[in-house]
Amino acid sequence: MEKRKLLIAASCVASMVGLCAALPAHAQFQKPEHAIKYRQSSMSILATHFGRIAAMANGKVPFDAKAVAANAEVVSMIAKLPLAAFGEGTDKGLPTRAKPEIWKESAKFKEASDKMIGEIAKLDAAAKGGNLDQIKAAVGGVGQSCKACHDSFQNDDLK
Ligand code: HEC
């Protein structure tokens, strides 16, 4: 790398560090509404791509192993995103279905997220294998992990 480019790179890193230092240690989002929008968007993307796999597993759409694998890859990546957007103080700011239990039982909430990520890892492995029966079983496991968390931590209506 030329010296000038190196200097630019170094100043970018420095400004990024500066930005981080300006935020409270726990906050990855500047405002609660950003966090709420982010977690709702990531849940929505998760549901869209998981739904495409589920439609094939349920026979509503013709099975396409390649499409399952591509969607499973997106699901695996996106599933890791929402948890960080449920920080303290993000219980309001935009209409949200998040229940107060998320912050009262935060260990249980994280466990529910870990459970989903584990089930999605199984789905990803089954998707790479291309076996429809294994994919169906894994879709069932993932679906239960979504439902289990929603039953405990998600309100039916926006508040
Ligand atoms: C760890 C708990 C948890 C898990 C696991 C979980 N969700 Fe959610 N989900 C929530 C909560 C809480 C909300 C409400 C977020 C809000 O309104 O701020 C939500 C919201 C949603 C929404 C509504 C998004 C919007 O537009 O407002 C969809 C769709 C959704 N989840 C789908 C899924 C799917 C599909 C899975 C499984 C692959 C899943 N969720 C797994 C907790 C979870």
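Residues numbered from 1 in each chain as written. Predicted model: local features only at pLDDT ≥ 70, side-chain atom pairs only at ≥ 80, totals over all residues. Heavy atoms only, no water.

1. Overview of the overall build of the protein
The number of helices and strands found in the protein is 6 helices and 0 strands. Buried positions account for 30% of the 159 residues belonging to the protein. Residue pairs in contact within the protein that sit at least 24 positions apart in sequence constitute 74% of those at least 6 positions apart. Per element, the accessible surface of the protein, about 10100 Å² overall, is 61% carbon and sulfur. (Helix = DSSP H or I, 4+ residues; strand = E, 2+ residues; numbered from the N terminus. Buried < 20%, exposed > 50% of the residue type's maximum accessible area, 1.4 Å probe, protein only. Contact = heavy atoms within 4.5 Å. Areas by Shrake-Rupley, 256 points an atom, 1.4 Å probe, with all protein chains shown as cover.)

2. So, the pattern of salt bridges
Applying the stated criterion across every chain, the model contains 7 salt bridges. Residue aspartate 91 pairs with lysine 92 through a salt bridge whose shortest N-O separation is 3.6 Å. For aspartate 91, a relative accessible area of 36% puts it in the partly exposed group. On the accessibility criterion, lysine 92 (59% relative accessible area) is exposed. (Salt bridge = Lys/Arg side-chain N within 4 Å of Asp/Glu carboxyl O.)

3. Concerning the confidence of the model for the protein
When pLDDT is averaged across the protein, the result is 90; 83% of the residues are at 70 or more. Confidence over residues 20–26 falls short of pLDDT 50; this stretch has 1 contact with residues more than four positions distant or in other chains. (pLDDT = per-residue confidence, 0-100.)

4. Some details on the site of the ligand
Of all residues adjacent to the ligand, which total 21 residues, the nearest are Met43, Thr96, Cys146, Cys149 and His150. Arginine 39 places a side-chain nitrogen or oxygen 2.8 Å from an oxygen atom of the ligand. By residue number, the principal contributor to the shell around the ligand is helix 6 (residues 132–153), which donates 6 residues. Of the residues assigned to the shell around the ligand, the class counts are 13 nonpolar, 6 polar and 2 charged. (Near = heavy atom within 4 Å. Polar contact = N/O pair within 3.5 Å; in protein donor to acceptor, adjacent residues only side chain to side chain. Nonpolar A, V, L, I, M, F, W, Y, C, P; charged D, E, K, R; others polar.)

5. With respect to the coordination of the iron atom of the ligand
Ligation of the iron atom of the ligand by protein atoms is provided by Met43 (SD) and His150 (NE2), these donors lying 2.1 to 2.4 Å from the ion. Bound by 6 donor atoms, the iron atom of the ligand shows angles of 85 to 179° at the metal and therefore octahedral coordination geometry. Here histidine 150 lies in helix 6 and methionine 43 lies in helix 2 (residues 32–57), a separation of 107 residues in the sequence. Take methionine 43: its relative accessible area is 30%, and that puts it in the partly exposed class. (Donors = N, O, S within 2.8 Å, 3.2 Å for Na, K, Ca; no water. Tetrahedral: all angles 85-135°; square planar, octahedral: opposite > 155°, others 65-115°.)

6. Topic: helix 2
It helps to recall that an α-helix has 3.6 residues per turn; residues three or four apart then point in one direction. A rise of 1.5 Å per residue sets the reference length of helix 2, with its 26 residues, at 38 Å; its end C-alpha atoms lie 37 Å apart and thus fit the reference within 8%. Along helix 2, the positions that sit buried rather than exposed are Ala35, Ile36, Arg39, Ser42, Leu46, His49, Phe50, Ile53, Ala54, Ala55, Met56 and Ala57. On the buried face of helix 2, the contacting elements are helix 3 (65–78), helix 4 (101–104), helix 5 (106–129) and helix 6. (Expected span 1.5 Å × (residues − 1).)

7. Quick notes on the nonpolar core
Leu46, Ile53, Ile120, Leu123, Ile135 and Val139 are the most contacted members of the largest nonpolar core, which has 20 residues in total. For this core, the elements supplying multiple residues, two or more each, are helix 2, helix 3, helix 5 and helix 6. By residue number, the principal contributor to this core is helix 2, which donates 6 residues. Ignoring sequence-local partners within four residues, the contact set of valine 139 consists of Phe50, Ile53, Ala54, Ala57 and Leu123. If you look at the next biggest cluster of nonpolar residues, it comprises 8 residues, including Ile102, Ala112, Cys149 and Phe153. (Core = buried A, V, L, I, M, F, W, Y, C linked by side-chain atoms within 4.5 Å.)

8. Let's talk about the packing of helix 5 against helix 6
The relative placement of two packed helices comes down to the angle between their axes together with the axis-to-axis distance. Put simply, helix 5 and helix 6 touch, their axes get as near as 8 Å, and they point 165° apart. By the angle between their axes, helix 5 is roughly antiparallel relative to helix 6. As for how helix 5 packs across helix 6, the hand of that crossing is left-handed. Residues Lys108, Phe109, Ala112, Lys115, Met116, Glu119, Ile120, Lys122, Leu123, Ala126 and Ala127 of helix 5 pack against Gln134, Ile135, Ala138, Val139, Gly141, Val142, Ser145, Cys149, Ser152 and Phe153 of helix 6. The residue makeup of the contact of helix 5 with helix 6, split by class, is 13 nonpolar, 4 polar and 4 charged. (Axes fitted to C-alpha atoms, helices over the stretch in contact; angles between N-to-C directions. Parallel < 35°, antiparallel > 145°, perpendicular 65-115°, else oblique. Left-handed = near helix turned anticlockwise from the far one by under 90°.)

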